[in-house]
Amino acid sequence: QIFGGKICSEVRCRSCGGSSKTYDLTTDLALEIQNANTLEECLLQYTMEEQLGMSNAYLCEKCKRKSQATKQLKIHTLPNILVVQLKRFSFW
């Protein structure tokens, strides 16, 4: 409980508006520092909405077809002590 929190991943279908949420336990946040100057900017990048195109289409449970969608991570529950991992390296 001291170091554990929950991350919510929400995927929203762009065709019908249906959404799916999953919750994962986490003990740390791994944040990209590329294109960010502050911790706040890193957190904004982490929670930024991502577009899922047809190459990685979402199978919507509501409209029963693969479609474009948006995905967003949200911090649902913060732990008492938040461990932040800064990802400094990128591999091509």
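See the structure above.
A. Geometry of the sheet that holds strand β2 (residues 19-26). Overall, antiparallel pairing links the four strands, which are arranged β2-β1-β7-β4 in an open sheet. Edge positions in the sheet fall to β2 and β4 (50-52), since each of these pairs with one other strand and no more. With strand direction ignored, the average angle separating the axes of adjacent strands in the sheet is 25°. Here β4 runs beside strand β7 (residues 69-77); their pairing, made up of three bridges, is antiparallel. Each bridged residue has a counterpart across the sheet, and for Gln-51 the counterpart in β7 is Thr-70.

B. Highlighting the state of the cysteines. All chains considered together, the criterion is met by zero disulfides. For the unlinked cysteine Cys-8, the closest cysteine sulfur is that of Cys-60, found at 16 Å.

C. Quick peek at the pattern of salt bridges. Inspection of every chain in the model, using the stated rule, returns three salt bridges. Measuring nitrogen to oxygen at the nearest pair gives 2.7 Å for the salt bridge that ties Glu-10 to Arg-12. Glu-10 gets classed as buried once you look at its relative accessible area, which sits at 8%. Glu-32 is the partner of Lys-87 in a salt bridge, and the nearest nitrogen-oxygen pair spans 3.2 Å. With Lys-87 in strand β8 (residues 84-87) and Glu-32 in strand β3 (residues 29-32), this residue pair connects regions lying 55 residues apart in the sequence. Of the residues examined, Lys-87 reaches a relative accessible area of 32% and is grouped as partly exposed.

Conventions used here
- Residues numbered from 1 in each chain as written.
- Predicted model: local features only at pLDDT ≥ 70, side-chain atom pairs only at ≥ 80, totals over all residues.
- Heavy atoms only, no water.
- Pairing = 2+ DSSP bridges.
- Helix = DSSP H or I, 4+ residues; strand = E, 2+ residues; numbered from the N terminus.
- Axes fitted to C-alpha atoms, helices over the stretch in contact; angles between N-to-C directions.
- Disulfide = S-S within 2.5 Å.
- Salt bridge = Lys/Arg side-chain N within 4 Å of Asp/Glu carboxyl O.
- Buried < 20%, exposed > 50% of the residue type's maximum accessible area, 1.4 Å probe, protein only.

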